[in-house]
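Architecture at a glance
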Amino acid sequence: MVRCGSGKAPFTIAPREQFLKAVAPLGITKDTAIVIYDRGPLVNVDVLASDWSARLRWQLKYEGFDNVAVLDGGFRKWKLDGRVTESGEKQVMPTTFEFERRPELIVTKEDVKAAMNDENVILINSLSEADFRGETTTYPRPGHIPGSKNAFFGSHSNPETRLLFEDDVLRATFEKIGALDPTKKVITYCGGGIAATWNALLLNKLGQENVAVYDGSMNEWAADPSCPLVTL
């Protein structure tokens, strides 16, 4: 996975040429089906979310590839269930990635500034409630983007099953903040554009296709004094 691009903020999306070079050895064609899995957020807390997989899935969709899914529960759940694993790498024939980029799946800082006062846009902060309220010092300045709603990316899975909650539970979470309204555009953000893609994936799963990710997220926004933040 290409995790860093040419932007100033960490983890911003890689230039298309860099991405194409990275995925060429995977042998992706129009007939390929991709399933992505990971080990979880790996942020020293037991958060249940496949956000790194969601990030790669989002970049593949951004670059034009659709037939991609994320394994619910990830590698941890797979091993807990006693499923078969193996070591080593499989060699495939490299290919040229021939799909068209979808610029509508990503937004910039300026797009978010405009969205703050647009009633047709729902801004979703994907970080914890403490981050949202401005009680932490993780980023250069505390708080959240004015007008945004909070939907913590780590709250969508059942701790007992380690799988996503049923769709009706997920739907209630996002309906509460108006994010499933088909007439609205949704923009998700987080700290570095990773957790935001998990919320974007779940919104897509629930039928909301008009979703974009603010790639710079709080790493970029909080570092710019001209970008407003509010606390609760």
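Heads up: the structure comes first, above all this text.
Please read these numbers as outputs of a predicted model, since none were measured by experiment.

What counts, and where the lines are drawn
Residues numbered from 1 in each chain as written. Predicted model: local features only at pLDDT ≥ 70, side-chain atom pairs only at ≥ 80, totals over all residues. Heavy atoms only, no water. Helix = DSSP H or I, 4+ residues; strand = E, 2+ residues; numbered from the N terminus. Buried < 20%, exposed > 50% of the residue type's maximum accessible area, 1.4 Å probe, protein only. Salt bridge = Lys/Arg side-chain N within 4 Å of Asp/Glu carboxyl O. 1 Å grid on protein atoms, 1.4 Å probe; cavity = no way out; pocket = protein on both sides within 12 Å on 5 of 7 lines; lining within 4 Å. Points joined across faces, edges and corners; volume = space filled by probe spheres on them. Nonpolar A, V, L, I, M, F, W, Y, C, P; charged D, E, K, R; others polar. Axes fitted to C-alpha atoms, helices over the stretch in contact; angles between N-to-C directions. Parallel < 35°, antiparallel > 145°, perpendicular 65-115°, else oblique. Left-handed = near helix turned anticlockwise from the far one by under 90°. Contact = heavy atoms within 4.5 Å. Pairing = 2+ DSSP bridges.

On to unusual backbone geometry, then. Phi angles above zero are rare outside glycine, and arginine 162 is one such case at about 60°. Along the chain, arginine 162 turns up in the loop between strand E6 (157-158) and strand E7 (163-164). The backbone of serine 217 sits at a positive phi, close to 45°, despite the residue not being glycine. Mapped onto the elements, serine 217 comes out in helix H8 (residues 217-221). Its relative accessible area of 0% is what places serine 217 among the buried residues.

Turning our attention to the pattern of salt bridges. Considering all chains together, one arrives at 14 salt bridges under this definition. Residues arginine 55 and aspartate 215 are paired through a salt bridge, measuring 2.8 Å at the closest nitrogen-oxygen approach. In this pair, arginine 55 sits in helix H2 (residues 51-62) while aspartate 215 sits in the loop between strand E9 (211-214) and H8, placing the two residues 160 residues apart along the sequence. The partner of glutamate 129 in a salt bridge is arginine 133, and the shortest N-O contact between them spans 3.3 Å. In this pair, glutamate 129 and arginine 133 both sit in helix H5 (residues 129-133), four residues apart, roughly one turn of the helix. By relative accessible area, arginine 133 is classed as partly exposed at 28%. Because the salt bridges share partners, they merge into one network encompassing Arg16, Glu63 and Arg101.

If you walk through the whole model with that rule in mind, you get two cavities of 30 Å³ or more. Computed from the structure, the largest cavity encloses a volume of approximately 110 Å³. For the largest cavity, the lining is made up of 14 residues, of which Leu48, Ala49, Ser50, Gly73 and Arg162 are closest to its centre. It is helix H3 (residues 74-80) that provides the largest number of residues to the lining of the largest cavity, a total of three residues. For the lining of the largest cavity, the class distribution of residues is three nonpolar, five polar and six charged. Space inside the second largest cavity adds up to approximately 40 Å³. Forming the boundary of the second largest cavity are Leu127, Asp131, Thr136, Thr137, Thr138, Tyr139, Arg141, Pro142, Gly143 and Met218. Classifying every residue of the lining of the second largest cavity gives four nonpolar, four polar and two charged.

Okay, the layout of surface pockets next. The space that makes up the largest pocket amounts to roughly 1,500 Å³. Lining the largest pocket are 35 residues, with Leu26, Val35, Ile36, Tyr37 and Leu56 positioned closest to its centre. Looking at the lining of the largest pocket, the elements with two or more residues in it are helix H1 (16-23), strand E1 (34-36), H2 and H3. Across the lining of the largest pocket, the residue classes break down as 22 nonpolar, seven polar and six charged.

We now examine the packing of H2 against helix H7 (residues 195-205). Look at H2 against H7: their axes get within 7 Å of each other, and the N-to-C directions meet at 70°. The angle between H2 and H7 places the two elements in the roughly perpendicular class. Our pair here, H2 against H7, has a crossing hand that is left-handed. Judged by residue contacts, Asp51, Ala54, Arg55, Arg57, Trp58 and Lys61 of H2 engage Ala195, Thr197, Trp198, Leu201 and Asn204 from H7. Residues that form the contact of H2 with H7 fall into these classes: five nonpolar, two polar and four charged.

Turning our attention to the sheet that holds E9. Taken together, the five strands give an open sheet; going across it, the order is E3-E9-E8-E4-E5, and neighbouring strands pair in parallel fashion. In the strand order of this sheet, the two ends are held by strand E3 (106-107) and strand E5 (149-150), each with one partner. Relative to E5, strand E4 (residues 121-125) runs parallel, the two being bridged by two bridges. In the strand pairing of E5, asparagine 125 is matched with asparagine 150.

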